Amino acid sequence: MQIPNHLAIIMDGNGRWAERRHLPRILGHRKGVEVVQSVVDECLVLGIRCLTLYAFSSENWGRPQDEVEALMSLLGSFLKKELRQLQKRGIRLMAIGELERLPDPISDVLREIMEETAGNDRMVLNLALSYGSRNELTRAVQQIGREVAAGKLQAADISEEMIANRLDTASLPDPDLLIRTSGEMRISNFMLWQAAYSELYFTDTLWPDFSREQLHLALQEYSLRQRRFGLVGAQLQKSSVQTTEENH
Ligand code: FPP
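Here's a quick rundown of the structure. Chains are numbered independently. Their residues run from 1 in the order of the written sequence. Owing to the predicted nature of the model, reporting of local features is limited to residues with pLDDT of at least 70; listing and counting of side-chain atom pairs is limited to 80 or more, with chain, interface and lining totals taken over all residues. Each side-chain value is derived from all of the structure's non-hydrogen atoms; neither hydrogens nor water enter the calculation.

### Thoughts on the sheet that holds strand S2 (residues 50-57)
Adjacent strands of a sheet pair through backbone hydrogen bonds, lying either parallel or antiparallel. Filter applied, for reference: What makes two strands pair is DSSP finding at least two bridges between them. Note on conventions: DSSP H or I runs of at least 4 residues are helices, E runs of at least 2 residues are strands, and numbering of each starts at the N terminus. In this analysis an axis means a line fitted to C-alpha atoms, helices contributing only their contacting stretch, and an angle means the value between N-to-C directions, from 0 to 180 degrees. Only heavy atoms matter for contacts: two residues are in contact if any of them lie within 4.5 Å across the pair.
Read across the open sheet, the six strands follow the order S3-S4-S2-S1-S5-S6; overall the sheet is parallel. Every other strand in the sheet has two partners, leaving strand S3 (91-96) and strand S6 (199-202) as the edge strands with one partner each. Averaged over all adjacent pairs, the angle separating strand axes in this sheet is 20°, with direction ignored. In terms of strand pairing, strand S5 (residues 177-180) meets S6 through four bridges, oriented parallel. Residue pairing in the sheet places leucine 177 in a bridge with glutamate 199 of S6. Its contacts with the sheet put helix H3 (residues 65-89) on S2, S3 and strand S4 (123-131), and the angle it makes with S4 is roughly 165°.

Now the structure itself:
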């Protein structure tokens, strides 16, 4: 089975999972956190090097205040509980998004865990928090604008690499596989730049029901995809033959 280097997941369907059981939505999010823990474990076992989870979008701030507060509180307790587990398993925690919008206690614990796990190199767990791709791109463009205004950069010299280096994901590879749960066929303002060549996988399963088996199904499908990056199949075969020959 082909294993993506970077797996990104839009975890959707917590609310519906709860509503179908006549439970408060927050119980769906709570179950969602349990699934996060089992998916992180399975990604480690599989040797995935980077896992990005879309945990809270820029748009999610507009949800009813009690749901926002409940999500922040779940996130806070997840972070506090997770530190020891992350250290034990060699996982580095990173985060993307407008982190300064998070409540102080959350951003403080987040910063602390990111610092403490900075030396771990088995896997990166990257949380997208208060994240929106258009917001991230806007901030990158503002940064470039400042550099041009200061005379450090010529407009004509702006390259794709320079843009990528000013995104929150600058130190991460692009996602190879992007999974979205709950049957919605949208990207919803997630990694619009970085997912340019990601393989997309949609499943009707709601996030709280997403299991290790479901993850394996997604990876099996990913293994069958031929990633051409805008080239034709024959070119890829040729370049893989060349790479093999070069390696001998
Ligand atoms: C989408 O479900 C999910 C979210 C908005 C939040 C995802 C958060 C978690 C899984 C828990 C916190 C995460 C971590 C990493 C601790 P939805 O509410 O949009 O579901 P719906 O579309 O069915 O209403």
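### What about the packing of helix H2 (residues 25-46) against H3?
Definition in use: Note on terminology: angles under 35 degrees are roughly parallel, angles over 145 are roughly antiparallel, angles of 65 to 115 are roughly perpendicular, and the others are oblique. Note on convention: the crossing is left-handed when the near helix lies turned anticlockwise from the far helix by less than a right angle, right-handed when the turn is clockwise. All residues other than Ala, Val, Leu, Ile, Met, Phe, Trp, Tyr, Cys, Pro, Asp, Glu, Lys and Arg, Gly among them, are scored as polar; the first ten of these are nonpolar and the last four charged.
Closest axis-to-axis distance for the H2/H3 pair is 11 Å, and the angle between their directions is 20°. Here H2 is positioned roughly parallel relative to H3, judged by the angle of their axes. Like other packed secondary-structure pairs, H2 and H3 cross with a definite hand, here right-handed. On H3, the residues touching Arg25, Ile26, His29, Arg30, Val33, Val36, Gln37, Asp41 and Leu44 of H2 are Glu67, Ala70, Leu71, Leu74, Phe78, Glu82 and Arg89. Looking at the contact of H2 with H3, its residues break down into eight nonpolar, two polar and six charged.

Remember, this is a structural readout, not a statement about activity or role.
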